Amino acid sequence: QVQLVESGGGLVQDGGSLSLSCVASGTISSIFVMGWFRQAPGKQRELVATITRTDITKYADSVKGRFTISNNNAKNTVYLQMNNLKPEDTAVYYCSANAQITRRGSVDDYWGQGTQVTVSS
């Protein structure tokens, strides 16, 4: 199994910055993609940003130019630097990993517990 633990959420004012981190641990053969999703109250979970193990990144249009995703493959860690935060960025942010726990096993998606990000106006 793969466990994901997020850290770094909190309360920030409009225009402020926050940095999130997520560490994957457990029985891991390969991690192919790590990323961040978010879910605001009453809304569906949505993609924020993803990064492959070869550093190919993808961002939601709403965060392009404000958020930066990065990783440290050796530490099975993904980061999300969030700048110029807006009240509409308020949500629970979830870390995800697309990973394989054995060399010939299936590739599955794993999720963290989530961390709250609140942006006040």
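Scroll up to find the structure.
Each residue is numbered by its place in its chain's sequence as written, counting from 1. pLDDT decides what is reported in this predicted model: residues at 70 or higher carry local features, side-chain atom pairs at 80 or more are listed and counted, and totals for whole chains, interfaces and linings draw on all residues regardless. Side-chain numbers here rest on the full set of heavy atoms in the structure, without hydrogens or water.

Brief notes about the pattern of salt bridges
Now for step 1: Salt bridge, as used here, is a side-chain nitrogen of Lys or Arg placed within 4 Å of a carboxyl oxygen of Asp or Glu. Inspection of every chain in the model, using the stated rule, returns four salt bridges.
Now for step 2: The salt bridge partner of glutamate 46 is arginine 38, with a shortest N-O separation of 2.7 Å.
Now for step 3: Throughout this description, buried means an accessible area under 20% of the type-specific maximum (1.4 Å probe, protein chains only), exposed means over 50%, and partly exposed covers the range between. Assessed through its relative accessible area of 5%, arginine 38 is described here as buried.
Now for step 4: Put simply, lysine 64 and aspartate 61 hold a salt bridge, and the shortest N to O gap is 3.1 Å.
Now for step 5: Assessed through its relative accessible area of 64%, aspartate 61 is described here as exposed.
Now for step 6: Members of the salt-bridge network, linked through shared partners, are Arg38, Glu46, Arg66 and Asp89.

A short note on the state of the cysteines
Joining two cysteines, a disulfide is a covalent bond between their sulfur atoms.
Now for step 1: Cysteine sulfur atoms are paired as a disulfide whenever they fall within 2.5 Å. With the rule as written, the count across this model stands at one disulfide.
Now for step 2: Residue pairing for cysteine 22: its cysteine sulfur links by disulfide to cysteine 95, the two sulfurs lying 2.0 Å apart. Between cysteine 22 and cysteine 95, the disulfide has an S-S torsion of -85° and is therefore left-handed. Remark: cysteine 95 occurs in strand S9 (residues 91–100) and cysteine 22 occurs in strand S3 (residues 18–26); sequence separation between them is 73 residues. Cysteine 95 carries the same exposure label as cysteine 22, and that label is buried. Each helix corresponds to a stretch of at least 4 residues labelled H or I by DSSP, and each strand to a stretch of at least 2 residues labelled E; elements are numbered beginning at the N terminus.

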